[in-house]
Amino acid sequence: MSDTQTMIENRPPSVATLFTERVDATPDAEAYRYPLPSATADGPSEWASLSWRETADRVYAIAAGLVALGVRPEDRVAVLSTTRIEWILADLGVMCAGGATTTVYPSTNAEETAYILADSGSRVLVAEDASQLAKALAHRADLPELQHVVVVDAEGIDAVTEGDGAADDFVLTLDDLEERGRAHLEAQPSAVKDRIDAITATQLATLIYTSGTTGRPKGVRLPHDNWSYMAKAIAATGLISRDDVQYLWLPLAHVFGKVLTSGQIEVGHVTAVDGRIDKIVENLPVVQPTYMAAVPRIFEKVYNGVSAKARAGGPAKYKIFQWAAGVAREYAKVTQDNFRRTGTASAPFGLSAQHKLADALVYGKLREAFGGRLRAAVSGSAALSPEIGYFFAGAGVHVLEGYGLTESSAASFVNPGEAYRTGTVGKPLPGTEVRIAEDGEILLRGPGIMDGYHGLPEKTAEVLEEDGWFHTGDIGELSNDGYLTITDRKKDLIKTSGGKYIAPTEVEIQFKATCPLVSNVVVVGAGRNYCSALIALDEAALLGWAAENGLEGKAYAEVVADPATTKLIQGYVDQLNEGLQRWQTVKKFRILPRDLDVEHGDLTPSLKLKRPAVEREFQGLIDEMYAGQNEQ
């Protein structure tokens, strides 16, 4: 048996055990960094840190506080908060109490929040602030199992609870909970240890509700063994080490963010936690991470921002950027291909010389924007355009695409360090099996697969076979040496009226690589005789272009509606079509009056496209594109 197999097969039964082992091994090492509340919202953040021992002191206090509130093994405790240090402390506290964390996105409205709390049977809610508390209070009568709400930021809660009858023990602060926990530990010193020792591998640890693109979300049941396996398997890849500094901003309510905490606990490196997306640019030079995870939209925004900044610098500067971007892509493709064939990431002398010059002019500044120490970035949740991936790879920002689902505890595949291949999601984690079904669907089996959907045995049976194979719903191809390429979602495939199947994601990511102004694009055409597209433009990039083209001072909506913008985008669509099969080409398009976002229900909180919602919202524009056409 190999060391990796031994490591994975001898995993502890629970995340709580993993955590105690980490605290015992490196009690005084730094565990977390987090921003303190600033004097002004716009001012730079001051950062504090916690050692593993200090983290454990708070985690065990929270765990004991929950035990004192009556939380029993596998009782659900919901967390409704943005990504912050208290989210991690609460989650670990829940698990050390033997409970199970129900994750809720902070952007979830009151009605759906109430549905998740009721469906999960959550007995306690950890709410970030008064606004999140209000969501629970608005539906308190519909939540008979909810016994307590613990509020992290207490400011304003009196106004929310006034006249609600919630001034009793129903609402308490996180400080109150920790105080109760410490008192409980004084009376029963082994209370938390006893709970941790009793946890079994099959015991429920987390209940994550998939945001979904249609209908009510489903609760995915992930036992402790899923996270223990993930922790050991991630460590076994060798992608992270004790010396790393991770910048964690992803939503912890999403499985992608959550899995990053397991790997960190196993390895013991530092994690800087701040979920404020508007602070990413400011935080990176301060945190100076060695690795971070992100979704493709972040890399697309960075690329578009760098391109727009170069364009704003004048024709000469923009020409240099375009040349450097081309060199980066060529260099990445050549070096990756050579590494695949020879094991050495080499390039011809002429290309290497160009790359060195481009590095001095462009790439170095880009790396500095990421903090200057970024060894690798992991991209997941959706497909990244290979052309954007090659650009970053050639610029020295190595984007390792990975793949997984909520139902597989997030990390089923990841690209292997130096041997990564842009455009693929890499190889399966140790211990995970994969096979491709006859219709191209990716099937997975292994210790990371969920128990099933909460209270939905019929839905579970639809995707999980008795022998453990999970149907992902994704279409993919597996290379001879084990690298997986995702081509599309099975249910998203378009069949035209001419009988041709089209993968819209494939066309969409090619357009994102072609047009530097695009933010989001939705290809439609099911049952039609040609494809069309709804195109949303990046506001900052568009207004930068507008300022140079006689549209300076106009609002976004005015620029979008201007014929010059349509003409510009038509050029990019024509360029896209040159590289497509005839039946894939986009015959017509409409530019949307606004970008797609979470607030309007166009994207999930993890920034995945909700196609049905977008098509319903803009059905009028779709009808325009097909009006009067012969739909044979």
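Asker: Hey, could you run me through the packing of aromatic side chains in this one?
Answerer: Remark: the centre distance and the inter-plane angle together describe each pair of aromatic rings, the angle taken between the planes. If you walk through the whole model with that rule in mind, you get eleven aromatic pairs. Centroid distance Tyr303 to Phe391: 5.0 Å. Interplanar angle 75°. Geometry classified as edge-to-face. Placement of the pair is Tyr303 in helix 13 (residues 296-312) and Phe391 in helix 16 (residues 386-394), with a sequence separation of 88 residues. For Phe391, a relative accessible area of 1% corresponds to the buried category. Among the aromatic residues, ring-to-ring pairing joins Phe299, Tyr303, Phe321, Phe370, Phe391 and Phe392 into one connected group. The positively charged end of Arg421 is found above the aromatic ring belonging to Tyr483, 3.7 Å away from the centroid. Directly above the ring of Trp469 sits Arg435, whose terminal nitrogen or CZ lies 4.7 Å from the centroid.

Asker: Hey, could you run me through the sheet that holds strand 16 (residues 427-428) in this one?
Answerer: Neighbouring strands of a sheet are bound in pairs by backbone hydrogen bonds; such pairs are parallel or else antiparallel. Spatially, 2-1-11-10-12-13-14-15-16 is the arrangement adopted by the nine strands of the open sheet, whose pairing is mixed. Here the strands that pair on one side only, and so sit at the sheet edges, are strand 2 (46-51) and strand 16. With respect to the sheet, helix 4 (residues 85-96) is in contact with strand 1 (30-36), strand 2, strand 10 (245-248) and strand 11 (270-273), its orientation differing from that of strand 1 by roughly 135°.

Asker: I keep staring at the sheet that holds strand 26 (residues 586-591) and nothing clicks. Help me out?
Answerer: The three strands lie next to each other as 24-25-26, forming an open sheet whose pairing is mixed. In this open sheet, the two strands that pair with only one neighbour each are strand 24 (518-524) and strand 26. Averaged over all pairs of adjacent strands, the angle between their axes in this sheet comes to 25°, without regard to strand direction. Bridge count between strand 25 (residues 531-537) and strand 26: five bridges; the pairing is parallel. Within the sheet, the bridge partner assigned to Ala533 lies in strand 26 and is Phe589. Helix-sheet contacts for helix 21 (residues 563-578) involve strand 25 and strand 26, and the interaxial angle to strand 26 is about 145°. On top of the sheet, helix 23 (residues 619-626) reaches strand 24, strand 25 and strand 26; it is set at about 135° to strand 25, its chief contact.

Asker: Quick question: what am I supposed to make of the nonpolar core here?
Answerer: Soluble, globular proteins show a tendency: their nonpolar side chains are buried together. Counting residues in each nonpolar core, the largest one holds 129 residues, and the members touching the most others are Phe19, Tyr32, Leu92, Trp249, Met292 and Phe392. Looking at which element gives the most residues to this core, the answer is helix 4, with nine residues. Beyond its immediate sequence surroundings of up to four residues, Met292 is in contact with Tyr247, Trp249, Leu284, Phe370, Leu374, Ala376, Ala377 and Val378. Counting residues in hydrophobic clusters, the runner-up holds 30 residues, among them Ile502, Val518, Ile569 and Leu580.

Asker: What's the story with the side chain of Ser412 in this structure? I'm lost.
Answerer: On the secondary structure map, Ser412 appears in the loop between strand 14 (399-403) and strand 15 (413-414). We classify Ser412 as buried; its relative accessible area is 3%. For Ser412, the side chain forms a polar contact with the side chain of Ser408, separated by 2.9 Å. If we ignore the near neighbours within four places in the chain, the residues touching Ser412 are Tyr403, Gly404, Lys427, Pro428, Leu429, Thr432 and Leu444.

Asker: Explanation requested: the environment of Trp545 in the structure shown.
Answerer: If you trace the backbone, Trp545 turns up in helix 19 (residues 539-547). The class for Trp545 is buried, based on a relative accessible area of 6%. In the structure, Trp545 is positioned 28 residues away from Leu517 in sequence and 8.6 Å away in space, judged by C-alpha atoms. Apart from residues no more than four positions distant in its own chain, Trp545 is found in contact with Arg311, Leu517, Leu551, Val559, Ala564, Thr565 and Leu568.

Asker: How should empty space enclosed by the protein be read in this particular structure?
Answerer: Empty pockets left among the atoms are what a rolling probe the size of a water molecule brings to light. Scanning all chains against the criterion turns up six cavities of 30 Å³ or more. The volume enclosed by the largest cavity comes to roughly 50 Å³. Surrounding the largest cavity, Leu384, Gly389, Val399, Leu400, Glu401, Asn415, Tyr420, Arg421, Thr422, Gly423 and Thr424 form its lining. Among the elements that take part in the lining of the largest cavity, strand 14 stands out by supplying three residues, more than any other. Of the residues that constitute the lining of the largest cavity, the class distribution is four nonpolar, five polar and two charged.

Asker: Is there a simple way to think about helix 3 (residues 52-68) in this case?
Answerer: Since the α-helix advances by 3.6 residues per turn, residues separated by three or four positions end up pointing in the same direction. Helix length check: helix 3 (17 residues) gives 24 Å between terminal C-alpha atoms against 24 Å at 1.5 Å per residue, within 8%. Buried residues dominate helix 3, accounting for twelve of its 17 residues. Along helix 3, the positions that sit buried rather than exposed are Trp52, Thr55, Ala56, Arg58, Val59, Ala61, Ile62, Ala63, Ala64, Gly65, Leu66 and Val67. Directly after helix 3, the chain includes Gly70, whose backbone phi takes a positive value near 100°.

Asker: What is the right way to read the side chain of His184 from this model?
Answerer: Topologically, His184 is positioned in helix 8 (residues 174-187). By relative accessible area, His184 is classed as buried at 16%. The residues contacting His184, other than those within four sequence positions of it, are Ala64, Val67, Ala68 and Ala191.

Asker: Honestly, a nonpolar patch on the surface in this entry has me stumped. Any pointers?
Answerer: Where nonpolar side chains cluster on the molecular surface, the patch consists of Ile320, Trp323, Leu357 and Leu361 and spans about 340 Å² of accessible area. Taken together, the elements giving at least two residues each to the nonpolar patch come down to helix 14 (315-342) and helix 15 (349-369). Following the sequence through the fold, Ile320 ends up in helix 14. The exposure class of Ile320 is partly exposed, given its relative accessible area of 38%.

Asker: Can you walk me through the pattern of salt bridges in this structure?
Answerer: Close approach of charged atoms allows side chains with opposite charge to pair. Scanning all chains against the criterion turns up 34 salt bridges. Linking Asp57 and Arg182 is a salt bridge whose minimum nitrogen-to-oxygen distance equals 2.9 Å. Taken as a pair, Asp57 in helix 3 and Arg182 in helix 8 lie far apart in primary sequence, 125 residues in all. On the basis of relative accessibility, which here comes to 32%, the residue Arg182 falls in the partly exposed class. The shortest N-O distance in the salt bridge between Glu508 and Arg611 comes to 2.8 Å. Linking Glu508 in helix 18 (residues 504-514) with Arg611 in helix 22 (residues 611-617), this pair joins segments that are 103 residues apart in sequence. Arg611 gets classed as buried once you look at its relative accessible area, which sits at 10%. Connected via shared salt-bridge partners are Arg297, Glu300, Lys301, Lys512 and Asp538.

About the thresholds
Residues numbered from 1 in each chain as written. Predicted model: local features only at pLDDT ≥ 70, side-chain atom pairs only at ≥ 80, totals over all residues. Heavy atoms only, no water. Phe/Tyr/Trp six-rings, centres within 6.5 Å; stacked < 30°, edge-to-face > 60°. Helix = DSSP H or I, 4+ residues; strand = E, 2+ residues; numbered from the N terminus. Buried < 20%, exposed > 50% of the residue type's maximum accessible area, 1.4 Å probe, protein only. Lys NZ or Arg CZ within 6 Å of the ring centre and 35° of its normal. Pairing = 2+ DSSP bridges. Contact = heavy atoms within 4.5 Å. Axes fitted to C-alpha atoms, helices over the stretch in contact; angles between N-to-C directions. Core = buried A, V, L, I, M, F, W, Y, C linked by side-chain atoms within 4.5 Å. Polar contact = N/O pair within 3.5 Å; in protein donor to acceptor, adjacent residues only side chain to side chain. 1 Å grid on protein atoms, 1.4 Å probe; cavity = no way out; pocket = protein on both sides within 12 Å on 5 of 7 lines; lining within 4 Å. Points joined across faces, edges and corners; volume = space filled by probe spheres on them. Nonpolar A, V, L, I, M, F, W, Y, C, P; charged D, E, K, R; others polar. Expected span 1.5 Å × (residues − 1). Patch = residues over 30% accessible without salt bridge, like charges linked within 9 Å, V, L, I, M, F, W, Y side chains within 5 Å. Areas by Shrake-Rupley, 256 points an atom, 1.4 Å probe, with all protein chains shown as cover. Salt bridge = Lys/Arg side-chain N within 4 Å of Asp/Glu carboxyl O.

These figures capture arrangement, not role.
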